[in-house]
Amino acid sequence: MENNKRDPKMKRINNLELANAFIEEQIESIKAQTRGRKVLLALSGGVDSSVVAALIYKAIGDKLVCVHVNHGLLRKGESELVIKVFKEEMKANLIYVDAVDRFLNALEGVEDPECKRKIIGKIFIDVFAEEARKLEDIEILAQGTIYPDITESKGVKAHHNVGGLPEDLKFELLEPVKFLYKDEVRMVGEALGLPKKMVYRQPFPGPGLGVRCPGAITRERLEVVRESDAILRDEFAKAGFEGKVWQYFTIVPPFRSTGIKDNQRTFEYMVVIRAVNSIDATSASIEEIPYPILFKIRDRILEEVKGVNRVLYDISAKPVATIEWE
Ligand code: XMP
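Residues numbered from 1 in each chain as written. Predicted model: local features only at pLDDT ≥ 70, side-chain atom pairs only at ≥ 80, totals over all residues. Heavy atoms only, no water.

Visitor: How should the pairing of strand β2 (residues 64–70) be read in this particular structure?
Guide: Within a regular beta strand, the side chains point alternately toward one face of the sheet and then the other, so they alternate between its two faces. Of all seven residues in β2, seven are buried, a share of seventy percent or more. Neither face of β2 is exposed, since L64, C66, H68 and N70 on one face and V65, V67 and V69 on the opposite face are all buried. Assessed by its sense of winding, the connection that carries the chain from strand β1 (residues 38–42) through helix α2 (residues 47–60) to β2 is right-handed. Pairing geometry for β2 and strand β3 (residues 93–98), over six bridges, is parallel. Its bridge partner being in β3, H68 is matched across the sheet by Y96. At this point the chain moves from β2, through helix α3 (residues 78–89), to the parallel β3, and the crossover so formed is right-handed. (Buried < 20%, exposed > 50% of the residue type's maximum accessible area, 1.4 Å probe, protein only. Helix = DSSP H or I, 4+ residues; strand = E, 2+ residues; numbered from the N terminus. Right-handed = clockwise from strand over helix to strand, strands pointing away. Pairing = 2+ DSSP bridges.)

Dropping the structure here:
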């Protein structure tokens, strides 16, 4: 039976020295497991898959094939960063798949959050499987599974990864960080020389901006989510909150409210700001954003994002709320 328990004697990786020792150990173990064979990895650009990509690349170079699927629910500039870091700088073998229309068309009119998650997860697997079939002689699939994914897999919301691939695609699994906690994965990422922007990025859900566009996703509202999120991240970075606040993002509910602009009545969307602190996402408290920063974010959103006339601040902790709205 596969061992899914972290060795209680394993030291917590809390400095670069321990991270480097872990990297050396994993390079040996990856080489020993792969023995010259190719490895496939779904590279979302999140911390976990990025660290796994850099680690495996260090061990086996271009025997690693990364597939980055753009499902249209990524944040502004996210795919571009993945391409820049892995393809242009690291020179890793990266396949970029633009599946935006496929995802958004399938999600049209779907309101139920869990249905949305299932559709996103299913299409993700379909797209990934199609890419995998195009590639020859790949026997190993790498995954960015981390320890909390194993211990908390019975959560309230269906989290997705590449598990559940069709029967004809049988892979041997390679999960080099499966016994690490998030902070340890970040430390390893830093030791591997990944940009801080990537290593200390906030957790981002598999279904992406899809769960921040509650109800049926429309391209118009998704754009409001993406643009307002970019402004929030930019202002948080300027305020020095990046890497300090656990998770911050915007939500755009599926209804509009009345406003007034240039003496004309408007009827537009509202943007909700959410910023929370947490240790392991099972509970979360509210980050008390200073009013001047909130006002700056509000002004920029109202000025720069089309179709918005109201900005709100969600002050609900988890529990009773969850971090995401869906
Ligand atoms: P909630 O909303 O349950 O979120 O308080 C806890 C943490 O999990 C993230 N999250 C997800 N991650 N797939 C994921 O990979 C999902 O479907 C999903 N839903 C929520 C959320 O962003 C937070 O960090």
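Visitor: Explanation requested: the side chain of S49 in the structure shown.
Guide: Within the fold, S49 resides in helix α2. According to the relative accessible area criterion, S49 is buried, its value standing at 8%. For S49, the side chain forms a polar contact with the main-chain nitrogen of G45, separated by 3.4 Å. For S49, the residues in contact, after removing those within four places along its chain, are L41, A42, L43 and S44. (Polar contact = N/O pair within 3.5 Å; in protein donor to acceptor, adjacent residues only side chain to side chain. Contact = heavy atoms within 4.5 Å.)

Visitor: What is the right way to read the packing of α2 against helix α7 (residues 182–191) from this model?
Guide: In helix packing, the relevant descriptors are the interaxial angle and the interaxial distance, both defined with respect to the helix axes. Closest axis-to-axis distance for the α2/α7 pair is 10 Å, and the angle between their directions is 40°. Classified by the angle their axes make, α2 and α7 are oblique. Our pair here, α2 against α7, has a crossing hand that is left-handed. Across the interface between the two elements, V47, D48 and V51 of α2 pack against K182, V185, R186, V188 and G189 of α7. (Axes fitted to C-alpha atoms, helices over the stretch in contact; angles between N-to-C directions. Parallel < 35°, antiparallel > 145°, perpendicular 65-115°, else oblique. Left-handed = near helix turned anticlockwise from the far one by under 90°.)

Visitor: Is there a simple way to think about helix α1 (residues 16–34) in this case?
Guide: Because the α-helix completes a turn every 3.6 residues, residues three or four places apart line up on one side. Along its 19 residues, α1 runs 26 Å from first to last C-alpha, staying within 8% of the 27 Å computed at 1.5 Å per residue. Residues of α1 that are buried: A19, F22, I23, Q26, I27, I30 and T34. Along the axis of α1, the buried positions cluster into a sector of 145°, meaning they face one direction only. Exposed and oriented more than 90 degrees from the buried face of α1 are E17, E25 and A32. On its buried face, α1 sits against β1, α2, β4 (138–142), β5 (172–174) and α7. At the N-terminal end of α1, a side-chain oxygen is found 3.1 Å from the backbone nitrogen of E17, two or three residues along, and the residue is N15. Positive backbone phi, at 40°, marks R35, one or two positions downstream of α1. (Expected span 1.5 Å × (residues − 1). Arc of directions from axis to C-beta.)

Visitor: For this particular structure, what's the right way to read the sheet that holds β2?
Guide: Backbone-to-backbone hydrogen bonds join strands into a sheet, with any given pair of strands oriented parallel or antiparallel. Here five strands make up an open sheet; going across it, the order is β3-β2-β1-β4-β5 and the pairing parallel. At either margin of the open sheet sits one strand with a lone partner, and together these are β3 and β5. On average, each strand axis in the sheet is inclined to that of its neighbour by 30°, with strand direction left out of account. Here β1 runs beside β4; their pairing, made up of four bridges, is parallel. Counterpart to K38 in the pairing with β4 is I138. Of the strands in this sheet, β2 and β3 are in contact with α3, which crosses β3 at around 165°. Set on the sheet, helix α5 (residues 113–134) makes contact with β1, β2, β3 and β4; between it and β1 the angle comes to about 155°.

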